[in-house]
Amino acid sequence: MCSRSCAQCIGYTLIPLAVCCIVANILLYFPDGDATYVKDGHLTTYVWFFAGIVGGGVLMFLPAGVFICLGDYECCDCCGHRGCGECCAMLGSILVALIGALGSAYCFIVSAIALTIGPLCYTQQNWKYPFENETGEYLTNFNSWSTCEKPKNVVVWNVSLFSILLGLSGIEFLMCAMQVINGLVGAICGPCCNRQQYAMNKA
């Protein structure tokens, strides 16, 4: 029961993280709140990977829903044993947690690459990635950010939002990894705990 309560707690934690990932990704389409650049296609390529919307967002609702339901789920008998049903439920949650981990890892990797390459912006009469050969050095060289003339404040916009996605997806990955461990513990120890609880109730 303790393992299932822990899974439920993880599920409730994943929901706001997923929503924030979706919002952050959507905001990337409107640098400095301007919708002009998305219409003209002047956005960094990595925005179109939908890392926050799909990987760290929609895909994360699957494990979150399963974990939350698992906390309220009364395990049915499996092969005539209630403990076996508990074991199957926890093993199933591990598979779902692995799917969530893959989604969050995808979001994390895309965000890290996007931060390293830097934004697409207008500079010196053309659109390009002025920081792509700096391997992320521009992140600490704030004076170089003025190189981007349009969109206004695009470097701050991209760095802030991709950093948020990086952090949120990292937390999501840790949550899913925790459930893998929790699921293993529940699958191994659950049947034993159920037998002990049944014996105590019978006594």
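Computed from a predicted model, the values in this text were never measured in an experiment.

1. Focus on the overall build of the protein
Scanning the protein for helices and strands turns up 5 helices and 2 strands. Reading the secondary structure of the protein in the N-to-C direction produces α-α-α-α-β-β-α. Residues counted as buried form 44% of the 203 residues belonging to the protein. Within the protein, contacts between residues separated by at least 24 positions form 75% of all contacts whose residues are at least 6 apart in sequence. In the form shown here, the protein has an accessible surface area of approximately 10500 Å², with 68% of it arising from carbon and sulfur atoms.

2. Points about the packing of aromatic side chains
Across all of its chains, the model carries 7 aromatic pairs by this definition. Here the guanidinium or amino end of K150 rests over the ring plane of Y122, the centre of that ring lying 4.7 Å away.

3. Thoughts on a nonpolar patch on the surface
On the surface, a cluster of nonpolar side chains totalling about 570 Å² of accessible area is made up of Y12, I15, V19, V23, L27, V58 and F61. When residues of the nonpolar patch are traced back to their parent elements, those giving at least two are helix 1 (2-27) and helix 3 (51-72). Examining the composition of the nonpolar patch, we find that 5 residues originate from one element, helix 1, more than from any other. Its location among the elements puts V58 in helix 3.

4. Things to note about the side chain of S111
Position of S111 relative to the elements: it lies in helix 4 (residues 82-117). Assessed through its relative accessible area of 0%, S111 is described here as buried. Contact partners of S111, with chain neighbours within four places excluded, come to F162, L165 and L166.

5. A look at the side chain of N158
With respect to the helices and strands, N158 occurs in helix 5 (residues 154-202). Since its relative accessible area comes to 7%, N158 is described here as buried. Apart from residues lying up to four places away in sequence, N158 is in contact with L28, T44, L115, P119 and S163.

6. Description of the confidence of the model for the protein
When pLDDT is averaged along the protein, the result is 88; 85% of the residues meet or exceed 70. Below pLDDT 50 for its whole length, residues 76-81 participates in 7 contacts with residues either more than four positions away or in separate chains. In this model, residues 194-203 is a region of pLDDT below 50 whose contacts with residues beyond four sequence positions or in other chains number 3 contacts.

7. Things to note about the nonpolar core
Core analysis: the biggest nonpolar cluster contains 47 residues, and L14, V155, F162 and L165 have the highest contact counts within it. Mapped onto this core, the elements with two or more residues apiece are helix 1, helix 3, helix 4 and helix 5. Setting aside residues up to four positions removed in sequence, L14 forms contacts with M60, P63, A64, F67, E172, M175 and C176.

8. Description of the environment of T44
Secondary-structure assignment places T44 in the loop between helix 2 (36-40) and helix 3. Judged by its relative accessible area of 4%, T44 is buried. Taking the C-alpha atoms as reference, T44 lies 9.2 Å from Y29; in sequence the two are 15 residues apart.

9. Digging into the state of the cysteines
Formally, a disulfide is one covalent bond, and it connects the sulfur atom of one cysteine to the sulfur atom of another. Following the criterion strictly, the structure yields 1 disulfide and no others. Each sulfur of the disulfide joining C121 and C148 lies 2.0 Å from the other. Its S-S torsion of approximately -60° makes the covalent link between C121 and C148 left-handed. Of this pair, C121 sits in strand 1 (residues 121-123) while C148 sits in the loop between strand 2 (126-128) and helix 5, and the two are 27 residues apart along the sequence.

Conventions we followed
Residues numbered from 1 in each chain as written. Predicted model: local features only at pLDDT ≥ 70, side-chain atom pairs only at ≥ 80, totals over all residues. Heavy atoms only, no water. Helix = DSSP H or I, 4+ residues; strand = E, 2+ residues; numbered from the N terminus. Buried < 20%, exposed > 50% of the residue type's maximum accessible area, 1.4 Å probe, protein only. Contact = heavy atoms within 4.5 Å. Areas by Shrake-Rupley, 256 points an atom, 1.4 Å probe, with all protein chains shown as cover. Phe/Tyr/Trp six-rings, centres within 6.5 Å; stacked < 30°, edge-to-face > 60°. Lys NZ or Arg CZ within 6 Å of the ring centre and 35° of its normal. Patch = residues over 30% accessible without salt bridge, like charges linked within 9 Å, V, L, I, M, F, W, Y side chains within 5 Å. Salt bridge = Lys/Arg side-chain N within 4 Å of Asp/Glu carboxyl O. pLDDT = per-residue confidence, 0-100. Core = buried A, V, L, I, M, F, W, Y, C linked by side-chain atoms within 4.5 Å. Disulfide = S-S within 2.5 Å.

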